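A look at the structure
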Amino acid sequence: MGKKAFQKPKGTADLLPSDSLKWHYVEETARLLFSDYQYHEIRTPLFENYEIFSRSAGDTSDVVTKEMYDFYDKGNRHIALRPEGTAGVVRAYVENKLYAPEEVKPYKAFYIGPMFRYERPQAGRMRQFHQIGVEAFGSESPALDAEVIAMAVDFFQMLGLTDLKVAINSLGDATSRANYRQALIDYLEPHLTELSSDSQIRLYKNPLRVLDSKDEKDQALVANAPSILAYLTPDAKTRWEKLQAYLDALGLDYEIDSSMVRGLDYYNHTIFEIMTNMQELGRGWTTISGGGRYNGLVEALGGPKTSGIGFAIGLERLMLLLESVQAPLPEAEPIDFYVVNIGEETDIEALKLVQAIRSYGYSAERDYLDRKPKGQFKAADRLHARFVLTLGPDELEKQQINLKKLETGDEQKVELLKVYTALPDLVEMEKGVEN
RNA sequence: GCGGUAUUGGUGAAGUGGUUAACACACUGGUUUGUGGAUCCAGCACGCGUGGGUUCGAUUCCCACAUACCGCCCCA
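All values derive from a computational prediction rather than experimental measurement. (Residues numbered from 1 in each chain as written. Chains lettered and ligands numbered in written order. Predicted model: local features only at pLDDT ≥ 70, side-chain atom pairs only at ≥ 80, totals over all residues. Heavy atoms only, no water.)

1. Brief notes about the overall build of chain A
A count of helical and extended segments in chain A gives 16 helices and 16 strands. Its C-alpha radius of gyration of 29 Å places chain A more than 25% over the 22 Å reference for a compact globule of 435 residues. Counting over 435 residues, chain A shows a buried share of 48%. If you take every contact in chain A between residues at least 6 apart in sequence, the share linking residues at least 24 apart comes to 69%. Entry remark: accessible area of chain A is about 22,800 Å², with carbon and sulfur atoms responsible for 50%. (Helix = DSSP H or I, 4+ residues; strand = E, 2+ residues; numbered from the N terminus. Rg over C-alpha atoms; globule rule 2.2 N^0.38 Å. Buried < 20%, exposed > 50% of the residue type's maximum accessible area, 1.4 Å probe, protein only. Contact = heavy atoms within 4.5 Å. Areas by Shrake-Rupley, 256 points an atom, 1.4 Å probe, with all protein chains shown as cover.)

2. Points about the domain arrangement of chain A
Buried accessible area, meaning the area lost when the parts come together, often serves as the stated size of an interface. The domain boundaries assigned to chain A delineate domain 1 (17-173 + 233-324) and domain 2 (337-434). Its C-alpha centre places domain 1 at a distance of 50 Å from the equivalent point of domain 2. (Domains from an automatic or database assignment.)

3. Focus on the side chain of serine 289
By the secondary structure assignment, serine 289 is in strand S10 (residues 286-293). Within polar-contact distance, the side chain of serine 289 engages the backbone oxygen of alanine 312 at 3.1 Å. Excluding residues that lie within four positions of it along the chain, serine 289 makes contacts with Phe156, Phe272, Glu273, Ile274, Phe311, Ala312 and Ile313. (Polar contact = N/O pair within 3.5 Å; in protein donor to acceptor, adjacent residues only side chain to side chain.)

4. Section: helix H6 (residues 174-188)
Given a rise of 1.5 Å per residue, 15 residues ought to cover 21 Å, and the 21 Å separating the end C-alpha atoms of H6 matches this to within 8%. Every buried residue of H6 is listed here: Ser176, Tyr180, Ala183, Leu184, Ile185 and Leu188. Considering only its buried residues, H6 is in contact with helix H7 (197-205) and helix H9 (234-249). (Expected span 1.5 Å × (residues − 1).)

5. Describing the packing of aromatic side chains
A complete count under the given rule lists 14 aromatic pairs for this structure. Ring geometry for phenylalanine 155 against phenylalanine 156: centres 5.6 Å apart, planes inclined by 50°, an arrangement best described as tilted. Exposure class is identical for phenylalanine 155 and phenylalanine 156. Each is buried. Between phenylalanine 337 and phenylalanine 387, the ring centres sit 5.2 Å apart and the planes meet at 25°, which makes this aromatic pair stacked. (Phe/Tyr/Trp six-rings, centres within 6.5 Å; stacked < 30°, edge-to-face > 60°.)

6. A short note on the sheet that holds strand S2 (residues 47-49)
Strand order across the open sheet formed by three strands is S2-S4-S3, with antiparallel pairing between neighbours. Edge positions in the open sheet fall to S2 and strand S3 (69-72), since each of these has one partner strand only. Strand-to-strand, the axes of this sheet are offset by a mean angle of 30°, without reference to chain direction. Inspection of the sheet shows S2 paired to strand S4 (residues 78-81) by three bridges, in the antiparallel sense. Residue phenylalanine 47 lies in a different strand from S4, and its bridge partner there is leucine 81. Together, S2, S3 and S4 form the strand contacts of helix H2 (residues 50-57), whose direction differs from that of S2 by roughly 80°. (Pairing = 2+ DSSP bridges. Axes fitted to C-alpha atoms, helices over the stretch in contact; angles between N-to-C directions.)

7. Let's talk about the pairing of strand S7 (residues 165-170)
In terms of residue burial, S7 counts as a mostly covered element, since six of its six residues are buried. Side chains of S7 alternate between two faces, with Lys165, Ala167 and Asn169 and Val166, Ile168 and Ser170 buried alike. Both S7 and strand S9 (residues 268-276) contribute to a ladder of six bridges, which runs antiparallel. Within S9, the position partnered with lysine 165 by the bridge is methionine 275. One ladder, built from two bridges, connects S7 with strand S8 (residues 255-256); its direction is parallel. Residue alanine 167 lies in a different strand from S8, and its bridge partner there is glutamate 255.

Laid out in structure tokens, this is it:
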């Protein structure tokens with residue numbers, strides 16, 4: 001151990017090779033599936049101008065007011081590490097003029113990458129965390145909403161998750177929301193003193209948040225509060241009903257949760273969350289995916305009036321969930337060959353051998369620690385090698401090498417030359433023996 | 001940002017104000033002058049998160065800090 005042991009910054013994690021194997025699998029599953037739905041990957045910067053986020057997420061959201069990693073760079077630009085993915089994608093959509101008529105509509109994209117929020121870390125909640133997200137621009141159709149929700153569910157099912165809850169709600173359009181906001185305040189105001197202190201503040205800042213309170217007394221009050229669904233304008237209501245019709249047609253199970261609120265201010269109309277009540281992620285239901293419509297966002301970031309919808313999946317939470325339900329996840333691949341070499345005079349030949357084996361596309365490893373044969377065999381065993389090639393002075397002299405199949409213990413001498421010229425035949429031959 | 005719990009080797013952990021920090025797993029070496037997954041033997045914490053303090057003496061008591069986890073806030 002060195003003198004000073006550095007620690008990674010609070011709320012960050014090292015993803016070791018055994019983990020990244022599993023992450024790759026999940027990410028690859030997403031890439032394949034999203035491609036079927038015609039979503040293609042977009043990569044935007046990990047940091048943006050601060051305003052991109054402050055304007056999009058809303059000035060009252062906690063994400064902006066207290067969780068942003070922001071700083072001034074050497075050119076005195078106000079920069080922020082992205083706390084979420086949508087704003088950057090919207091900025092890219094506008095900046096690259098992806099609204100142009102020659103682009104296919106809706107314009108669909110997905111992203112995978114790290115996000116940053118200055119928060120108190122807990123299990124499944126990191127300061128640097130990762131999301132897979134999708135966005136679709138340029139269509140108002142609730143069929144697209146349904147598709148997006150279906151795709152998220154599809155994704156989780158592909159990974160072997162079935163015990164999830166899909167909750168949907170509608171925030172309506174600006175008019176619906178304004179009317180409801182007032183109705184909610186009118187309802188709650190007489191009970192102001194009964195509300196928790198947090199909720200008393202919420203009531204005027206962002207009254208919909210009161211609906212979300214975990215305080216028991218708040219919840220009791222909120223239970224009889226008016227529902228936003230009763231305040232939808234006719235247009236918004238039609239959309240809302242169509243969405244359900246589409247989801248029903250797909251046979252997708254969902255729950256309507258009229259008290260569901262999302263953390264970012266840009267949402268309107270459809271919002272949804274996919275939740276699990278896994279213990280490892282804390283008490284009650286934990287959201288592993290959330291999203292919705294953001295019809296005003298493109299405009300807010302300087303683009304033409306364009307509707308949009310998207311969602312994001314929290315990868316840390318997803319990985320914890322997959323581990324806890326023992327969903328199938330890949331393990332380290334066994335290697336094909338381990339070359340055991342005995343004596344210094346075989347060193348060069350061993351080096352050439354592993355390279356030759358690799359040139360055939362098989363994986364191969366050898367000893368670099370001058371271990372004795374026993375130690376090398378142990379290493380081969382730990383790597384779950386299929387075959388061991390033993391090369392000693394004898395073999396070198398006779399130009400024959402010992403081929404051992406670890407699983408059965410069968411050994412045979414083969415011409416050294418064959419490893420270089422006909423390795424696949426040797427592998428096939430061994431296969432023949434085992435069948 | 002607030003409140004709480006925790007922090008001993010590569011890992012899981014036991015333990016006490018006072019000479020050598022238990023046990024297990026893993027690892028390394030030997031038992032087998034060239035063969036793994038078995039047995040047996042041996043080795044493996046300059047040291048108990050970091051920094052202070054109390055004390056004749058602290059890993060064990062106190063304080064601060066760091067980190068992790070739990071709850072709140074909030075959220076993926």
